[in-house]
Amino acid sequence: MEVLADVQNTILLKVESYKTETLNTRENFGSKVGAVLAAAGSAVGLGNVWRFPIETGRNGGAAFILVYIACIIVIGLPVMMSEFLIGRSTQSNTARAYQKLAPGTPWRWVGRLGVFTAFFIMCYYGVIAGWTIGYAVLAVGNQFAGKTAADYGPMFSDYATNWWQPLLCMVAFVVLTHVVIVKGVTKGIERWSKVLMPMLFILVLVLVFCSVTLPNAGAGIDFLLKPDWSKVDGSVVLSAMGQAFFSLSLGMGCLCTYASYFDKKTSHGKTAIQVCVIDTLIALMAGFIIFPAVSSVGYSLDPKDVGANLIFITLPNVFQQAFSGVPWLAYIFSVMFYLLIIVAALTSTISLHEVVTSYMAEEFNMPRKKAALWETGGIIFFGIFCSLSFGVLDGVRIFGLNIFDFFDWTASKICLPVGGLFISLFTGWYLDKKLFKDEITNYGSSRAPYVKALIFVLRYVAPIAIFTILLNELGVLSLLGS
Ligand code: TRP
């Protein structure tokens, strides 16, 4: 019996020392500004500069923007606050967070799904992010000058189908992310967010100024400011909601992981509002860079022209033509624009990488560097297939989609809504309401009269809305189109 008790004691001691070790080595963001900028960095990304203008173009401009803002306030903000409170109350990676809050229940799969989704998103997000490096290099080399409108399409398909260039750029992007991640939370993520986010802001402001002062920019500005409500139908609302989720990095524990580095004084409500405002402002300003420039060269703002290749085909041409009298301005504008997208994408890939790195480091008890290395290796491995699926591997189909589209579809159309649905159900129904209130009010040090409304949204409004997006994306609601 004594031997047994001894063994038990040793095990208990080991568990305790492991606990203190992991607790002590866990870093926090050093400042509130750092926390906000890191979370905003995660949110602001290709979703704002690439996806938002496309969605706005397709769905009728100003009216879409208003619906989008409504979605952010009604659903985005509450779900973001849920992720924050799950993360900070547990101070753990997203998988462990659910285990702590709901031990022994299947809820732990929600956290695991998040880790899986982050990895999946990284694999294809890195490819597009890589393209932006490739295009920045082209811009720096002044390769867009002297071309006619018809040249940019073939130029892009040459680039994307070429096997080694995009591959190299993808690897470069993932390695860049890796370098920041291995530095850790304060010295890596926070420090870089504090440099990159202000830089992004300045780039955006300069570009907006250049764009709205172009001759004939008016039509583009009108498109963004004058709502045409006749265009709004069910599918527009669903697109707006989907865009809000993607743009705010919701649905897979990215912000939950970041919130695990928040200190006890950080207010979830304020931080969430600041992140939503920054994210929306940057998306709007991206619109004010792109649409006035497009209209100034006489392109119609027809959804057909504002297609998926906006950034790589339409815009290089637009920049050249818009500043055709002043070639050096066209040059600078192009270089700054691609630099802007790289910066935006980088702060997002950092957050995606961190979800998996912190999970592996903490769950498999390995040093952060090693965890990051495994993660980077895995992303590059699958990223190669995603990248090549635009060229040599185009014939490979999974459920009728090429590899890139399969990754995109699985992650953003299935995993994100499913994750978001369960996150809102978890905080709305399962989570102890005292903990919920304590977290939102920072353990009574501030007031939060909106707690009841928040819980109501998380219980009913968000799950129903997200479930509808999911059905629509699975094609079940064919009435609404997609
Ligand atoms: N929000 C980022 C963007 O707008 C992308 C992103 C980062 C993301 N982390 C995420 C999207 C988590 C969904 C979930 O580009």
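For clarity, every value in this text was computed on a predicted model and none was experimentally measured. Every residue gets a number counted from 1 within its own chain, in the order that chain's sequence is written. Only residues with pLDDT of at least 70 are given local features in this predicted model, and only at 80 or more are side-chain atom pairs given and counted; all residues enter the totals for whole chains, interfaces and linings. Excluding hydrogens and water, the side-chain values take into account all heavy atoms of the structure.

Enquirer: I'm lost on the overall build of the protein chain in this one. Help?
Expert: Helix numbers and strand numbers start at the N terminus; a helix is a DSSP run of H or I with at least 4 residues, a strand a run of E with at least 2. Scanning the protein chain from N- to C-terminus turns up 19 helices and two strands. Note on method: radius of gyration uses C-alpha positions; expected globular size equals 2.2 Å times residues raised to 0.38. Computed over its C-alpha atoms, the radius of gyration of the protein chain comes to 23 Å, within 12% of the 23 Å expected for a compact globule of 482 residues. Counting only C-alpha atoms, the protein chain reaches 90 × 45 × 45 Å along its principal axes. Exposed residues in this analysis have more than 50% of their type's maximum accessible area, buried residues have under 20%, and partly exposed residues fall in between, with area computed by a 1.4 Å probe over protein chains only. In the protein chain, which comprises 482 residues, the proportion classed as buried is 56%. Residues count as neighbours in contact if any of their non-hydrogen atoms are within 4.5 Å of one another. Looking at the protein chain alone, contacts between residues at least 24 apart form 82% of all its contacts between residues at least 6 apart. When the accessible surface of the protein chain is split by element, carbon and sulfur atoms take 68% of a total near 20,000 Å². When charges are counted, Lys and Arg contribute as positive and Asp and Glu as negative, whereas His and the chain ends are disregarded. Note on charges: their place is set at NZ of Lys, CZ of Arg, CG of Asp or CD of Glu. Here the protein chain contributes 33 positively and 28 negatively charged side chains, and the mean placements of these two sets differ by 7 Å. Using the Shrake-Rupley algorithm and a 1.4 Å probe, accessible areas are obtained, with residue cover drawn only from the displayed protein chains.

Enquirer: Would you mind showing me how to read the pattern of salt bridges here?
Expert: Pairing is possible between side chains of opposite charge, provided their charged atoms come close. By salt bridge we mean one thing: a side-chain nitrogen of Lys or Arg within 4 Å of a carboxyl oxygen of Asp or Glu. Taken as a whole and judged by the stated rule, the model has 10 salt bridges. A salt bridge links K194 to E190, with the shortest nitrogen-to-oxygen separation between them at 3.7 Å. Of the two residues, K194 and E190 are both situated in helix α9 (residues 185-212); the distance of four residues between them amounts to about one turn of the helix. Overall, E190 belongs to the buried group, its relative accessible area being 3%. When the shortest N-O distance is used, the salt bridge between R397 and D394 registers 3.1 Å. Its relative accessible area of 46% is what places R397 among the partly exposed residues.

Enquirer: Sorry if this is basic, but what is going on with a positive patch on the surface here?
Expert: A surface patch of positive charge is lined by K183, K187, R191 and K369. The residue R191 is located in helix α9 in this model. A residue counts toward a patch only above 30% relative accessible area and without a salt bridge, and it is joined to like-charged neighbours within 9 Å or, for Val, Leu, Ile, Met, Phe, Trp and Tyr, to nonpolar neighbours within 5 Å.

Enquirer: Is there a simple way to explain the confidence of the model for the protein chain in this structure?
Expert: Note that predicted coordinates carrying low pLDDT should not be read in detail. Along the chain, pLDDT gives the predictor's confidence residue by residue, from 0 to 100. Within the protein chain, residue pLDDT values average 89, and 92% of them lie at 70 or more. Every residue in residues 16-24 scores below 50 in pLDDT, and together they form three contacts with partners more than four places removed in sequence or on other chains.

Enquirer: Looking at this structure, how should I read the environment of K265?
Expert: With respect to the secondary-structure elements, K265 resides in the loop between α12 (254-259) and α13 (268-296). Separated by 76 residues in the primary sequence, K265 and I341 place their C-alpha atoms 32 Å from one another. Setting aside residues up to four positions removed in sequence, K265 forms contacts with K32, R88 and N442.

Enquirer: Is there a simple way to explain a nonpolar patch on the surface in this structure?
Expert: Together, F201, L205, I273, V277 and L281 make up an exposed nonpolar region whose accessible area comes to about 410 Å². When residues of the nonpolar patch are traced back to their parent elements, those giving at least two are α9 and α13. With three residues, the single largest contributor to the nonpolar patch is α13. On the basis of relative accessible area, L281 is assigned to the partly exposed category, the value being 38%.

Enquirer: Help me out: how do you make sense of the site of the ligand in this one?
Expert: Throughout, the term near means that a residue has one or more heavy atoms lying within 4 Å of the molecule or strand in question. Residues in close proximity to the ligand total 17 residues, the closest being A43, G47, Y125, F246 and S249. As used in this structure description, the phrase polar contact means that two N or O atoms lie within 3.5 Å; if the pair is within protein, one of them must be able to donate a hydrogen and the other to accept it, and residues adjacent in sequence are counted only when both atoms belong to side chains. At a separation of 3.1 Å, a nitrogen atom of the ligand approaches a polar backbone atom of S247. Put simply, the parts of the chain that give the shell around the ligand at least two residues each are α2 (32-43), α3 (46-58), α11 (234-247) and α15 (327-363). Throughout this entry, Asp, Glu, Lys and Arg are counted as charged residues, while Ala, Val, Leu, Ile, Met, Phe, Trp, Tyr, Cys and Pro are counted as nonpolar. The remaining residues, Gly among them, count as polar. Of the residues that constitute the shell around the ligand, the class distribution is nine nonpolar, eight polar and no charged.

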